[in-house]
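The chain contents come next:
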Amino acid sequence: MNQIRRKRAASDRKPLGRFLSRDRTGIPEDREERGAAEGAESECDAGWGRVCVFLQRLGKKADSRSLNLAHCDLTATDLLELATLLQFLPQLEEMDVSWNGLIGGSLKALTSHLQHAGGVRALRLCSCRLDAEDLAALGEALGCVPLLEILDLSWNSGLGGGALQGLLGKLPPPLKELHLVSCQLNAADATLLGGLLSGLSGLCVLDVSCNPQLSQEVEAFREFSSSLCHAASITTLRLQACGLTEDGLHALGGSLHGLPSLRQLDLSCNRGLSGGLSHLTLHLSHLTHLQSLDLHLCCHTHTDLQDLIQALPSLPALTELDVSSNKEVGGALHSLLPALPLTQMRRLPLNSCSLSQEAFTALAVCVPYLRSVDLSWCKVVGGHLPLLLDALQPAVLTELRLSSCELTTDDLQHLAAVCRRGLLSSLLVLDLSYNASVGDEGWSALFAAGGLGSLQEVDLSLRPLTSAPCTAWLPALLCALPPLPALTRLSLQGWTSSPRDRKQLKHCLRKKSVLLEWDSPNEDETSSFKSTNQESPEE
């Protein structure tokens, strides 16, 4: 061993020439430096090769800036291997390992190597069965990713009950989005959320939807609401299905004056708000920049809607209002519409609103400006669709949903005429499902009309447990498919056909990447026909 050390020491001696000449060309250490650089480059190439092999094994393509491993059935061993590869991804900006339930409890294997991915700006860990220890490990590692802007921990039920303590004081100040959807957050977590917000002055999006116990204790929720003023830059606040009651809404309403930048407010699916909307409407005047207000499925009373109508003129920037799935809206729509800035409205979903004939007629004044029209489950539409379609402006509407509206054959024929005139040339989504009352002539006329070149999604499904033959109008559909280059989804559930018809449809879709939802001849299943010369899109 001593001889080996002596030989190595001799070879490492610096040549005397480096002190005697300024010209170092051909000096041995230059060759050593070049060799070292080439070695480092070779090592880097080998590391990138390991990354490519790892991703290829999971059916993914390598991208030096974005790492998407969602739905890959990753194990703890995979996570450890991924961690060791982070050193070969110095340009990484986005990392998504969501929907890998087997990595829960072992997140530290990844977070202990996050120092090699200091440039990450988006980190998504949805539905990974994370627990309190995982969150504590993540909190300790967040200091290694000072540029982090998006953190999504949604659908991890193990984070409720105090696990957020592991993030207190650890979230990087540049964070702009925090998503904690359906994490079983409770009243104690509401207090912890308030503590998290105190250090996030730059936060823009906060989504804590689908946590029904979050507002269970009024005092804890009031503490959370009052802390919102520390994140005055919030533009999007989502509290969907958070168990809000009148008291919780009162606490939230009193804090809205501290959110002058708020543009989207989602309080939908909170049935406990019934009869108490005034606690919100009294404070809406502070939200002068509010563009979207979502109040669907909140069991609003007639009094709630009257309070909303009085507050709407104080929202000059409003472009989207969702009061759908509230039956009382049908009787108040004629008063609601004049209170809206109609010329700038883009979305006004009214599905399941028990619209009357008077309300449906009044809607025509708003339709010309809307980008999306959803009147699903409103039976009054059947037989009266021309009243709505005649109010359309050319190439404005991008979404039309008329599911379960008891449409007639005449309605579809009038829709076909509108398509021929080019009024729906910008339409992306067309939902005509659950309208079995339409005859074959109506479906054939629609598909033969053309004028739907931008269409991406079409749903013609029948109700579950019902069926009808589509042989009469399927040829028209087959002829209409080639001029639809953007089509990605076609739903024909409930319609029956012969094996020959199915083969023809498959042949027609062979060069398109289209998700075809059609009941199997033997059993119900979802089939996907995709091009053989394209990469299959991930579902």
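In this report, we go over the structure that sits alongside the text. What you see as residue numbers is a count from 1 along each chain, following the sequence as written. For a predicted model such as this one, the threshold for reporting local features is a pLDDT of at least 70, and the threshold for listing and counting side-chain atom pairs is 80 or more; totals across whole chains, interfaces and linings nevertheless cover every residue. The side-chain values count all of the structure's non-hydrogen atoms but skip hydrogen atoms and water molecules.

### A word on unusual backbone geometry
With a phi close to 55°, Ala395 is a non-glycine residue in the positive phi region. Note on conventions: DSSP H or I runs of at least 4 residues are helices, E runs of at least 2 residues are strands, and numbering of each starts at the N terminus. Position of Ala395 relative to the elements: it lies in the loop between helix H14 (385-389) and strand S12 (399-401).

### Here we look at helix H18 (residues 499-508)
The classification of residues rests on relative accessible area computed with a 1.4 Å probe and restricted to protein chains. Under 20% of the type maximum is buried, over 50% is exposed, and intermediate values are partly exposed. Regarding H18, the residues found buried are Asp501, Arg502 and Leu505. Along the axis of H18, the buried residues cluster in a sector spanning 100°; they form a single face. In H18, the exposed residues that point more than 90 degrees away from the buried face are Pro499, Arg500 and Lys503. Taking the helix axis as origin, the arc is that swept by the directions to the C-beta atoms.

### Thoughts on the packing of aromatic side chains
Centre distance within 6.5 Å is the pairing criterion for rings of Phe, Tyr and Trp, where only the six-membered ring of Trp is used; planes under 30 degrees apart are then read as stacked, over 60 as edge-to-face, and the remainder as tilted. Summed over all chains, the structure comprises 6 aromatic pairs. Where Trp443 meets Trp495, the ring centres are 6.1 Å apart and the plane angle is 85°; that geometry is what we call edge-to-face. Residue Trp443 is located in helix H16 (residues 440-449), and its partner Trp495 is located in strand S17 (residues 495-496); the two are separated by 52 residues in the primary sequence. Judged by its relative accessible area of 5%, Trp495 is buried. For the ring pair Trp473 and Trp495, a centre distance of 5.0 Å and an interplane angle of 90° mean the geometry is edge-to-face. Residue Trp473 is found in the loop between strand S15 (468-469) and helix H17 (474-480), and its partner Trp495 is found in strand S17; the two are separated by 22 residues along the sequence. On the basis of relative accessible area, Trp473 is assigned to the buried category, the value being 0%. Feature note: the residues Trp443, Phe447, Trp473 and Trp495 constitute an aromatic cluster, connected by ring pairs.

### Observations concerning the side chain of Ser227
Among the structural elements, Ser227 can be located in helix H8 (residues 218-227). For Ser227, a relative accessible area of 5% corresponds to the buried category. Note on definitions: a residue-residue contact is assigned when non-hydrogen atoms from the two residues lie within 4.5 Å. Beyond its immediate sequence surroundings of up to four residues, Ser227 is in contact with Gly194 and Leu197.

### Topic: the pattern of salt bridges
Oppositely charged side chains may form a pair once their charged atoms are brought near each other. A pairing counts as a salt bridge when a side-chain nitrogen of Lys or Arg comes within 4 Å of a carboxyl oxygen of Asp or Glu. One pass over the structure, following the stated rule, counts 13 salt bridges. Here Arg401 makes a salt bridge to Asp431, at a shortest N to O gap of 3.7 Å. In this pair, Arg401 sits in strand S12 while Asp431 sits in strand S13 (residues 429-431), placing the two residues 30 residues apart along the sequence. With a relative accessible area of 24%, Arg401 lands in the partly exposed category. The class for Asp431 is buried, based on a relative accessible area of 11%. Linking Arg489 and Asp459 is a salt bridge whose minimum nitrogen-to-oxygen distance equals 3.4 Å. Here Arg489, found in strand S16 (residues 489-491), pairs with Asp459, found in strand S14 (residues 457-459); they are 30 residues apart in sequence, far enough to count as distant. Taken together, the shared-partner salt bridges connect Glu457, Asp459, Arg489 and Glu517 into one network.

### Some details on the sheet that holds strand S6 (residues 205-207)
Between any two strands, pairing holds if DSSP finds at least two bridges. The 10 strands lie next to each other as S1-S2-S3-S4-S5-S6-S7-S8-S9-S10, forming an open sheet whose pairing is parallel. At either margin of the open sheet sits one strand with a lone partner, and together these are strand S1 (66-68) and strand S10 (320-322). Strand after strand, the sheet turns through a mean of 5° between neighbouring axes, direction not considered. As judged from the 3 bridges shared by strand S5 (residues 177-179) and S6, these two strands associate in the parallel manner. Following the sheet pairing, His179 is matched in S6 by Asp207. All axes here are fitted lines through C-alpha atoms, helices being fitted over the stretch that makes contact, and every angle between N-to-C directions spans 0 to 180 degrees.

### Concerning the packing of H8 against helix H9 (residues 246-253)
Their axes nearest at 8 Å, the elements H8 and H9 cross at an angle of 20°. Comparing their axes, H9 and H8 come out roughly parallel. Of the two possible hands of crossing, H8 and H9 adopt the one that is right-handed. Residues Val218, Phe221, Arg222 and Ser225 of H8 form the contact with H9, whose participating residues are Asp247, Gly248, Ala251 and Leu252. All amino acids are sorted into three groups, where Ala, Val, Leu, Ile, Met, Phe, Trp, Tyr, Cys and Pro are nonpolar, Asp, Glu, Lys and Arg are charged, and the leftover types, Gly among them, are polar. By residue class, the composition of the contact of H8 with H9 is 4 nonpolar, 2 polar and 2 charged. The cut-offs work like this: below 35 degrees is roughly parallel, past 145 is roughly antiparallel, 65 to 115 is roughly perpendicular, and the gaps in between are oblique. The sense of a crossing depends on the near helix, which, turned anticlockwise from the far helix by less than a right angle, makes the crossing left-handed and, turned clockwise, makes it right-handed.

Function cannot be inferred from these measures alone, as they are strictly geometric.
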